Amino acid sequence: MSVTRKAAALGAATALLAGGLLVGTPAAAAPVPACTGDLLSDSGAERPDTTHVRFTVVNNGPTCQLQGFPTVALAGQGSPDQNKPLRVVPRGEARPVLLPLGGTASTVLTFTPVLGEADGFCASGADPTVAPTLVIGVAGVGFQVAPSDGGQFALCGDTVRATAYR
């Protein structure tokens, strides 16, 4: 075999091997773990108006995945056993949100509004409920948050509508 033919055969073998390695089965990506509450912190409860609250969490650990809706309760005035759970009505479809280190995800809570001035009233005739803080549950932990404007949360009834985390 001449040197030229040997070089050509070696080149073809190398290309075949390289091609086989490149075309082979790709390695399966490791699944992204679910976010855990110990890796999350909150950035507060922003209230753009009297019936909406945007609650945001920040990932302080490795990349994780958050999916679903929060739980919500009116805070028990210093005693967790006095928290008043609210019924959460989901809005939208819950899809996984990938949170890298420092990544954020938010949910928007919508309350039935209290009408009128000062003491206010509920259209249903029920008495309004007022609380200085909420306990928002995410990834197995509860974050006690106050409104960003320094006010209080006021609502009629025991239901809150919540968007999935985005």
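Above this text you will find the structure in question.
Read on for an overview of the structure. Keep in mind that what you see is a predicted model, and the values were worked out from it rather than measured.

**Let's talk about the packing of aromatic side chains**
- What the rule picks out here adds up to two aromatic pairs.
- Note on Phe55 and Phe143: the rings are 6.0 Å apart at their centroids and 45° apart in plane angle, and the pair reads as tilted. With Phe55 in strand 2 (residues 52-59) and Phe143 in strand 10 (residues 141-145), this pair connects stretches of sequence that are 88 residues apart.
- On the accessibility criterion, Phe55 (0% relative accessible area) is buried.
- For the ring pair Phe111 and Phe153, a centre distance of 6.4 Å and an interplane angle of 45° mean the geometry is tilted. Of this pair, Phe111 sits in strand 7 (residues 104-111) while Phe153 sits in strand 11 (residues 153-155), placing them 42 residues apart in sequence.
- Overall, Phe111 belongs to the buried group, its relative accessible area being 3%.
- For Phe153, a relative accessible area of 2% corresponds to the buried category.
- The ring of Phe153 carries the charged tip of Arg47 above its face, separated from the ring centre by 5.8 Å.

Basis of the calculations
Residues numbered from 1 in each chain as written. Predicted model: local features only at pLDDT ≥ 70, side-chain atom pairs only at ≥ 80, totals over all residues. Heavy atoms only, no water. Phe/Tyr/Trp six-rings, centres within 6.5 Å; stacked < 30°, edge-to-face > 60°. Helix = DSSP H or I, 4+ residues; strand = E, 2+ residues; numbered from the N terminus. Buried < 20%, exposed > 50% of the residue type's maximum accessible area, 1.4 Å probe, protein only. Lys NZ or Arg CZ within 6 Å of the ring centre and 35° of its normal.

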